[in-house]
Amino acid sequence: MGDQTEPLLDGVPDTFGNESSSSSFPRDDQEAAVVADDGTNTIDPAIRCTLDEGESQHSGARKATIRKLSLCLLLALLFMFVEIFGGIWAGSLAIITDAAHLLADVSGFGVSLMAMWYSARQSKSHSYSYGYARIETLAALASVLTVWLVTGILVWEAIQRIQHPTPVNSFMMVILASIGIVINIVLMVVLGGHGHGHDGHHHHDHGHDLNLRGAIIHVIGDLIQSVGVFVGGLLMWWHRDSPSWLIVDPICTLLFACIVLWSTSSLIRDIGDILMERSPRGVDGAMIQRELQNIEGVSRVNDFHVWSLTPTVPLLAAHLHIEDVYEQPRVLYEAKQVSSQHGIDHSTFEIVLSTA
């Protein structure tokens, strides 16, 4: 009865199963502490409801993502070597540049796989109480920055080609670009072939996983580059006796580079949302707070926070003030229902007993 209240975020859902201390918690839980306004506990502090179904869904989604990224890594690596040797044989800087873009894909896939593996590990110290989940976000950021770097190189090379046109084996360019288009379409099908949940919790939609989205953006960029190489090579082959048509290739590269940069804008926005701990897009925090306030027996709601640990793990924490200690079990149950209805299965409520 006289113990001091634990900090609010002690007991925030630990999605990595770190249960070695009082500041850790199991996955998918609802937890509450009941305290008086003077900061003393009035009843047992923890009530938990573990959602095993949500846990298995997260595990299955992670394994499916790892399988997809592994297959894409293998395909991209094999075709990268094909383009390197083919580009040298054809004397085509565009093909070699496309191989460099594939190298960025391979790097992105590798970083994402490493992030998926490392983020699933449990933290062995209390320094990382959330585990390593946000390594995935950092990996996605590195992936986008890699795309921007490669795109900048493509733009620079395109400008050089405009100033100094270089004859190439345009027929070989068309052949290799055609293969590249097919490979990239296969990669997009593999990465995009995911299922959607049917429970209405859009935050657990696997399509919002940053690693897959980052990989898809890499593939889209390389597909656009392959199309540019194909169109440029076809036009140069068709007008192979006219050197003036050599400018088509760098012009296409500049145009498609702009599309690649534009396509990364939404991913950068989402990464910023997570790192700045913004309320998840599509979640109306004000509405949730009002619904909690409208629970019978709740006199006040404060210290209300909604944020995302990852795109698929939204979190919620709040203080719920009540005047009747015996209302605590029902209030907690209804608060859990409110958060679950908004797609938030990881929530922590501290029930505060208001005193006169």
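Each remark here, short or long, concerns the structure printed above.
Let me sum up the structure you'll find in this document. (Residues numbered from 1 in each chain as written. Predicted model: local features only at pLDDT ≥ 70, side-chain atom pairs only at ≥ 80, totals over all residues. Heavy atoms only, no water.)

All right, on to unusual backbone geometry then. For residues besides glycine, phi is generally negative; the peptide bonds are generally trans as well. At E277, a residue that is not glycine, the phi angle is positive and equals roughly 55°. Relative to the helices and strands, E277 resides in the loop between α7 (265-275) and α8 (285-293). Residue classification places E277 among the partly exposed residues on the basis of a relative accessible area of 43%. Even without being glycine, D303 reaches a positive phi, approximately 50°. (Helix = DSSP H or I, 4+ residues; strand = E, 2+ residues; numbered from the N terminus. Buried < 20%, exposed > 50% of the residue type's maximum accessible area, 1.4 Å probe, protein only.)

Counting 20 residues, the largest nonpolar core has I288, L292, F304, L316, L320 and F349 as its most contacted members. Contributions of two or more residues to this core are made by α8, β2 (298-310), β3 (313-322), α9 (328-341) and β4 (346-353). With residues up to four places along the chain from it excluded, the contact list for L316 reads I288, F304, H305, V306, W307, S339, I344, H346, S347, T348 and F349. L102, F109, L113 and V219 belong to the second largest nonpolar core, which has 15 residues in total. (Core = buried A, V, L, I, M, F, W, Y, C linked by side-chain atoms within 4.5 Å. Contact = heavy atoms within 4.5 Å.)

What follows is about α9. Taking 1.5 Å of rise per residue, 14 residues should cover 20 Å, and α9 covers 20 Å from first to last C-alpha, within 8% of that figure. Q328, V331, L332, A335, K336, V338, S339 and S340 are the residues of α9 that are buried. Taken from the residues just after α9, G343 is the one with a positive phi, measuring 80°. (Expected span 1.5 Å × (residues − 1).)

Here we take up α7. Residues of α7 that are buried include every one of L267, D270, I271, D273 and I274, and no others. Within α7, the buried residues cover an arc of 155° as seen down the axis, which keeps them to one side. (Arc of directions from axis to C-beta.)

Here D222 shows up in helix α5 (residues 210-238). It turns out D222 is buried and unbridged, and the closest side chain with the opposite charge, R161, is 15 Å from it. (Lys, Arg positive; Asp, Glu negative; His and termini not counted. Salt bridge = Lys/Arg side-chain N within 4 Å of Asp/Glu carboxyl O.)

Another aspect to go through is the packing of helix α3 (residues 135-163) against helix α6 (residues 248-263). The N-to-C vectors of α3 and α6 enclose an angle of 160°; their axes lie 8 Å apart at closest approach. Between α3 and α6, the angle falls in the class roughly antiparallel. Helix-helix and strand crossings are classified by hand; for α3 and α6 the assignment is left-handed. Judged by residue contacts, V147, W148, T151, L154, V155, A158, R161 and I162 of α3 engage D249, P250, T253, L254, A257, V260 and L261 from α6. Here the contact of α3 with α6 is composed, by residue class, of eleven nonpolar, two polar and two charged. (Axes fitted to C-alpha atoms, helices over the stretch in contact; angles between N-to-C directions. Parallel < 35°, antiparallel > 145°, perpendicular 65-115°, else oblique. Left-handed = near helix turned anticlockwise from the far one by under 90°. Nonpolar A, V, L, I, M, F, W, Y, C, P; charged D, E, K, R; others polar.)

With that out of the way, let us pick up the pairing of β2. Pairing analysis gives nine bridges linking β2 to β3, with the strands arranged antiparallel. In the sheet register, V298 faces β3, and the bridge partner there is I322. Between β2 and β3, which follow one another and run antiparallel, lie two residues. (Pairing = 2+ DSSP bridges.)

Right, let's talk about the packing of α3 against α7 for a bit. Packing of α3 against α7 leaves a shortest axis separation of 10 Å and a crossing angle of 145°. Crossing geometry of α3 relative to α7 is assigned as left-handed. Each of T137, A140, L141, V144 and W148 in α3 lies in contact with α7, whose residues at this interface are L267, I268, I271, I274 and L275. Looking at the contact of α3 with α7 residue by residue, the classes come out as nine nonpolar, one polar and no charged.

This part is about the pairing of β3. Look at any regular strand and the pattern is simple: side chains alternate between the two faces of the sheet. Within β3, ten of the ten residues are buried, which leaves it mostly tucked inside the rest of the structure. Residues V313, L315, A317, H319 and H321 line one face of β3 and the alternating positions P314, L316, A318, L320 and I322 line the opposite face, and both faces are buried. Sheet topology note: the β3/β4 ladder contains eight bridges and is parallel. Note that in β4 the partner of L316 across the bridge is S347. Traced from β3 through α9 to β4, the parallel crossover comes out right-handed. (Right-handed = clockwise from strand over helix to strand, strands pointing away.)

Before going further, it helps to spend a moment on the pattern of salt bridges. Counted by the stated rule, this structure contains five salt bridges. The salt bridge partner of E327 is R330, with a shortest N-O separation of 2.1 Å. Between R330 and E334 there is a salt bridge, with its nearest N and O atoms 3.0 Å apart. Taken together, the positions of R330 and E334, both in helix α9 and four residues apart, correspond to about one turn of that helix. For R330, a relative accessible area of 27% corresponds to the partly exposed category. Among the ionic contacts, a cluster of salt bridges with common partners joins E327, R330 and E334.

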